[in-house]
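A closer look at the structure
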Amino acid sequence: MNPHLKTVTAAGLLITLGIIFGDIGTSPLYVFQTLLTEGGKVNETLVLGSISCIFWTLTLQTTFKYIVITLQADNKGEGGIFSLYALVRRYGKWLAIPAIIGAGTLLADGIITPPISVTSAIEGLNNVPALAAAFVPGSWLIIGIVIGIILLLFFFQQFGTKVVGSAFGPVMFIWFLMIGVLGSLQIAHYPEIFKALSPYYGYRLLVGNPHILILLGAVFLCTTGAEALYSDLGHCGRKNIQMSWIFVKVTLVLNYLGQGAWVLMQPANKNFTNINPFYQLVPSPHLLMIPCVALATLATIIASQALISGSFTLISEAVSMNFWPRITIKYPSNIRGQIYIPSINWLLCFGCVAVTLYFQTSEHMTAAYGFSITIAMLMTTILMYYFMRYVKHWPIWLVTIILCVFLCVEFTFFVANAIKLLKRLFFVVFEVGLIFTMYIWFKARKINNRFLHFVDLKDQIPMLNALSADQTIPKYSSQLIYLTKANNSKQIEEKIIYSIMSRSPKRADTYWFIHIDTTDEPYTMEYSVDNIEEGKIIRVDFRLGFRIQPRVNVLFRKVVEDMVGRGELSIISTYPSLRQFKVVSDFRFVILEKFLSYNNLFSVSESFILNSYFSIKKLALSEAKTFGLDTSETHIEKIPLVVKPVSNIALKRVDSVTLEHIE
């Protein structure tokens, strides 16, 4: 995080508006319209009750839960469900499950946020009198424009957002200023609308209303960006988010009040079908509607950009924490934390286009939006309990009260959104696929690690020295490097010793063992060196944050340069013909890749997990590419994974059959 974002500054507040509040800031485009459409008869009870529910949802869910409490769970300045999990995972092994479910559902609902936001903005052109006939919601003209914007948005991800990122803040500031002013103009004509802020009207609307679940499902849409708000904590800093939220919430509430005031000033028998109250607030539609729609479109693009960047960060963290297969991750700019993941980018792009083509209008999209976010919020609440109780050490009575409030609110929204399940089967497949992949990868790694066998490295030193000095064996490499999972520097995997000694003995001048430890902090970059046997056996331990990609080739080269510079190491070739010319010795990495052996007899669940794991692994990056190793310097050695070897083989020896017996 940039140092100036740790304190409240004008620049920090502006950047925060551009990065953090895009999703929640564009919700007035469709939330109140959805409430009018699905709430039954439009009257004062519906309007005042809806605004009351929106206001108190923003207060309890967004302000109290996320702005006040959840933002305290910053992991060295970083937020998001995996950052939260990293803080609390030592308090329960099962906490990986809510982390996986929360991450999977967040990603899945991400494919509907860009379409619903951009579509609701473009549909505003229907309110321009000269364009009303052409820009009908659901028409192929609007669908084509929306898909074009989405395709361009995803296409430009590969170049990074450094150029356009600087404009995000000012655009969103103008957007929030505009929606606040538009709402205030209507409130001035109907100041009685302020009574809608009383919880009484929300209570009166919901009690006994046959449409209660539909209404709550629509109300929840006003806070769908709250989870993303926490995920982007590292970009802006807690204080800047908390301060800018005051301005954002005021403008949002003013706009919702203005929409309500406009509706209540209409004739009692007015039909609100296909009418978006947001655009009705714009004065002089002939002159101002097109600029308003243009600004709305820019705001929705910015909201979509923040969501896409958040998805990249989430997957990057999942890879680092062994929840996701290794995939290609690129760095389009020199801005820390800005990454580009091609596979996720085009997967999201395909999903967004499919959503646009399937639902066609923003009204239909809202009918499927929000279900997954409620699950993600519930998972965050579970992890937050452990954070408040065991990290912050808050008293149990206070934690219990907070937990009950959050669970009651979120479970109510979950039930309300559960009725949308049939309308979003497309998303269910996507969600299950994401969660399944994370769970399988996590469980299979646990099974793999369970069958790792370590030996004492000290006992292997005489044998390694003898092998290194044995001139009768051809030298395999001057500098031979293995990656080890042994946390204890005094131990080494048995399979590595087997690879060196028994699989075509690998003689070398120096044996290197590299260990990578992923820390709970996001951007740690440290290393230590242990000269186990001077000049012969060296272990390097890297401590890398969960947001740092383990590019071992680059990192190891830096370590060697440091050691040479300190006079701790000479890498001049030991071959006499090369040494006189001071030629640098060769380095070679050996990667041990497992495959599932046929010599296994395990349970149905283990069989399913491991077979799924190795099937998914075929689609993932190889170990060499994962760790950024040059293929010319790397040897891949396949070894079988034997979890439970087949035993009790009923093989009987018999006397040999001679030719005479056959005749």
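Anything mentioned here points back to the structure above.
Residues numbered from 1 in each chain as written. Predicted model: local features only at pLDDT ≥ 70, side-chain atom pairs only at ≥ 80, totals over all residues. Heavy atoms only, no water.

1. What about the pairing of strand S4 (residues 510–519)?
The buried count for S4 comes to 7 of 10 residues, which makes it a mostly enclosed element. Taken together, the 9 bridges between S4 and strand S6 (residues 537–545) define a ladder with parallel strand orientation. Considered in S6, the bridge of Thr-518 is made with Leu-544. (Buried < 20%, exposed > 50% of the residue type's maximum accessible area, 1.4 Å probe, protein only. Helix = DSSP H or I, 4+ residues; strand = E, 2+ residues; numbered from the N terminus. Pairing = 2+ DSSP bridges.)

2. Some details on the pairing of S6
When you tally the buried positions in S6, you get 8 out of 9 residues, the bulk of the element. Sheet topology note: the strand S5 (residues 525–533)/S6 ladder contains 8 bridges and is antiparallel. Paired with Met-525 across the strands is Leu-544, a residue of S6. If you look at the hairpin formed by S5 and S6, you'll find 3 residues sitting between the two strands, and Gly-535 has a positive phi there, around 75°.

3. What about the nonpolar core?
Ranked by internal contacts, the top residues of the largest apolar core, which has 152 residues, are Phe-21, Phe-82 and Trp-175. In terms of residues, this core owes the most to one element, helix H16 (residues 285–320), which gives 13 residues. Residues contacting Phe-82, with those up to four places away along its chain left out, are Ala-99, Ala-103, Leu-314, Glu-317, Ala-318, Met-321, Phe-323 and Met-438. Of all hydrophobic cores here, the second largest spans 22 residues; its members include Ile-481, Met-563, Phe-587 and Ile-591. (Core = buried A, V, L, I, M, F, W, Y, C linked by side-chain atoms within 4.5 Å. Contact = heavy atoms within 4.5 Å.)

4. A word on the packing of aromatic side chains
One pass over the full model with this rule turns up 24 aromatic pairs. Here the aromatic rings of Phe-155 and Phe-156 are separated by 5.4 Å at their centres, their planes lie at 80°, and the arrangement is edge-to-face. Among the residues examined, Phe-155 registers a relative accessible area of 38% and is labelled partly exposed. On the numbers, 4.8 Å between centres and 90° between planes, the contact of Tyr-358 with Phe-359 is edge-to-face. Just above the ring of Tyr-575 sits the side chain of Lys-475; from NZ or CZ to the centre is 4.5 Å. Positioned above the aromatic ring of Tyr-476, the side-chain terminus of Lys-506 is 5.6 Å from the ring centre. (Phe/Tyr/Trp six-rings, centres within 6.5 Å; stacked < 30°, edge-to-face > 60°. Lys NZ or Arg CZ within 6 Å of the ring centre and 35° of its normal.)

5. Considering unusual backbone geometry
Positive phi is not limited to glycine here, since Gln-360 has a value of about 70°. Looking at where Gln-360 falls in the secondary structure, it is placed in the loop between helix H17 (342–359) and helix H18 (362–366). Relative accessible area serves as the criterion here: at 28%, Gln-360 is assigned to the partly exposed category. One non-glycine residue, His-393, lies in positive phi territory at about 60°. Along the chain, His-393 turns up in the loop between helix H19 (371–391) and helix H20 (396–418). On the basis of relative accessible area, His-393 is assigned to the exposed category, the value being 59%.

6. Focus: a nonpolar patch on the surface
A cluster of nonpolar side chains, contributed by Leu-14, Phe-173, Ile-174, Leu-177, Val-181 and Leu-185, occupies part of the molecular surface with about 480 Å² of accessible area. For Ile-174, the location among the structural elements is in helix H9 (residues 162–189). Exposure remark for Ile-174: the relative accessible area of 47% places this residue in the partly exposed category. (Patch = residues over 30% accessible without salt bridge, like charges linked within 9 Å, V, L, I, M, F, W, Y side chains within 5 Å. Areas by Shrake-Rupley, 256 points an atom, 1.4 Å probe, with all protein chains shown as cover. Salt bridge = Lys/Arg side-chain N within 4 Å of Asp/Glu carboxyl O.)

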